[in-house]
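# Report on the structure
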Amino acid sequence: MRGMHDLLPGPIARWQHFESTARAVLGCYGFEEIRTPLLERTELFVRSIGGATDIVEKEMYSFPDRDGDSLTLRPEQTASCVRAGIENGFIHLGVHRLWYMGPMFRHERPQKGRFRQFHQLGGEIFGPPGPEADAEIILVTARLWRRLGLDGLRLELNSLGTPDSRRAYRSRLAEYLLDRRADLDEDSRRRAETNPLRVLDSKNPDLQGVIEAAPKLLDALDPESRDHFDTLRAMLEEAGVPSTVNPRLVRGLDYYTKTVFEWTTDRLGAQNAVCGGGRYDGLVEEIGGAPTPGVGFSAGIERLVALLAESGAGAEPAPPAAWVAAVGPAAARVAPAVAEELRDAGMSAVLDAGEGGFRAKLRRANRSGAGFAVIVGDTEAAAGEVSIKPLRADRPQRTVPRAALKDTLAAWLPPGGPQER
RNA sequence: GUGGGCGUAGCUCAGUCGGUAGAGCACCGGAUUGUGGCUCCGGAGGUCGCGGGUUCAAUCCCCGUCGCUCACCCCA
């Protein structure tokens, strides 16, 4: 399937590293995990993301189910979190910080860093209206990058104001743009009417003059939003997280109010945003809950893992401590039990299940990266013994009674680790 | 949704001015009847993405299609 990929055993090591790091970091900020269905009613996304956005207009996987309801594979998960919070009442029960991780679906043309099924890590804070929550959302992501060892990420901030001031600005901007219709390209002419804020984000060099001279969103902010924004910037500065203000940052989802932000990199080509988010004070009410402010982030896992791969961080899967190679009918009968004894003792062991003689089995043992080969031939089996051959160290092979296997191996293994390298 | 590049062995890629294919790595076996890594020898593995067209003959040329890739667009 186009834009959908298998995640194979080798590369998955970096994903697991990312996932465990994310769990740990989110946990230490008091976030709790939530898992929601991959499918929601289409209406949920139309109401939350906005009918005039690209996501809703042309990117959703929507289809009628057997009852005739229109369902959609989630293109993002904030709306699902809000819906779940309303339906289960926990937004009012003191659970205010949620995180999620999982697949999202958007029918876009695939390219570097952009897929039709992709994965996001996200966090949401419901309830607090002040900039402290915005700061927590941004600080938790900043710490995650630090913990992952990612550098070179830039934080861009903007404020869209309250719905009222945003609406007022929006019509002023539309007016300005329509006055200059002749200077706009086709896309921008259409957006000037449907979603004028998006015009500010255009990369078309011919439009930069018009955009420069356009009324500034930040100049149009209401005093409350202005104060919220300034306080947030001061908090981030005090916490040692540098940011730059990008007045053109508008984001593609309609539910944002006041703060919006993006973490970007210059190492991933055209798809340079690795994380984005913002405040959405009207969303809970829009979806049918009691008016409740909220703020959140979502991060693209494929893109972050690509950055991890570039910096060469954490990759190798751990090889087993021992490889159990048995040759001959009597040996084959006891080999599974020998492997189980090692696992009982807390050591990892792989029982060779392949064809061939000693030669083939030892070759597989070596290739597996195992520290030791535990060899059982019919001679050993008859005597109730096993042979232990170190594969990574220059030590002689030893033959010991089966009962002494795990102690001999444990004595050879380094005290700290599960196996020798 | 628009445009460019690319699909040949498990992987990375050659190649055929149209006569049905090759290397390196990996894999399997042997040299070493019960012992890996190094070396040497041998072997296996391909509907040349798929479908159609032109041709005596297509992996090669043409059309379509699917997939990958990069950019636009958009975003994570």
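The rules behind each value
- Residues numbered from 1 in each chain as written.
- Chains lettered and ligands numbered in written order.
- Predicted model: local features only at pLDDT ≥ 70, side-chain atom pairs only at ≥ 80, totals over all residues.
- Heavy atoms only, no water.
- Buried < 20%, exposed > 50% of the residue type's maximum accessible area, 1.4 Å probe, protein only.
- Helix = DSSP H or I, 4+ residues; strand = E, 2+ residues; numbered from the N terminus.
- Pairing = 2+ DSSP bridges.
- Contact = heavy atoms within 4.5 Å.
- Near = heavy atom within 4 Å.
- Polar contact = N/O pair within 3.5 Å; in protein donor to acceptor, adjacent residues only side chain to side chain.
- pLDDT = per-residue confidence, 0-100.

### Details of the pairing of strand β14 (residues 372-376)
- Among the 5 residues of β14, 5 are classified as buried, and the element is accordingly described as predominantly covered.
- The alternating pattern of β14 places Phe-372, Val-374 and Val-376 and Ala-373 and Ile-375 on opposite faces, both of which are buried.
- Relative to β14, strand β12 (residues 322-326) runs parallel, the two sharing 5 bridges. Note on β14: the bridge partner recorded for Ala-326 is Val-376.
- The sheet contact formed by β14 and strand β15 (residues 385-390) spans 4 bridges and is antiparallel. Within β15, the residue paired with Ile-375 across the bridge is Ser-387.

### Some thoughts on the sheet that holds strand β5 (residues 97-105)
- Here we have 8 strands laid out as an open sheet, ordered β1-β5-β6-β11-β10-β9-β7-β8, and mixed in their pairing. Of all the strands in the sheet, just β1 (32-33) and β8 (244-245) have a single pairing partner and so form its edges.
- Relative to β8, strand β7 (residues 154-159) runs parallel, the two being bridged by 2 bridges. Residue pairing across strands places Leu-157 opposite Val-245, the latter belonging to β8.

### A closer look at the environment of Val-82
- With respect to the secondary-structure elements, Val-82 resides in helix α4 (residues 78-88).
- A relative accessible area of 0% places Val-82 in the buried class.
- When the C-alpha positions of Val-82 and Gly-288 are compared, they lie 9.5 Å apart, and in sequence the two are 206 residues distant.
- Setting aside residues up to four positions removed in sequence, Val-82 forms contacts with Ile-91, Phe-126, Leu-283, Val-284 and Ile-287.

### Things to note about helix α11 (residues 301-310)
- Across the 10 residues of α11, 7 count as buried, placing the element largely inside the fold.
- As for α11, its buried residues are in contact with α1 (12-27), β5, β6 (117-126), α5 (131-148), β10 (273-279) and β11 (294-300).

### A word on the protein's contact with RNA strand B
- In the region of RNA strand B, 46 residues are neighbours, and Arg-191, Arg-198, Arg-251, Gly-252 and Thr-379 sit closest.
- Within 4 Å of the protein, the contacting atoms of RNA strand B are drawn from sugar and phosphate to the extent of 48%.
- Within the contact set of RNA strand B, a phosphate oxygen lies 3.0 Å away from a backbone nitrogen or oxygen of Gly-3.
- Gly-300 places a polar main-chain atom, nitrogen or oxygen, 3.3 Å from a sugar or linking oxygen of RNA strand B.
- Those elements giving two or more residues to the surface near RNA strand B turn out to be α3 (54-59), β6, β10, β11, α13 (358-368) and α14 (378-383).
- Sort the elements by how many residues they give to the surface near RNA strand B and α13 lands first, with 7 residues.

### Thoughts on the confidence of the model for chain A
- Looking at chain A as a whole, the pLDDT averages 90, with 97% of positions reaching at least 70.
- Scored below 50 in pLDDT, residues 416-421 shows 17 contacts in the model against residues more than four places distant or in partner chains.
- As scored by the predictor, the complex reaches a pTM of 0.90 and an ipTM of 0.87.

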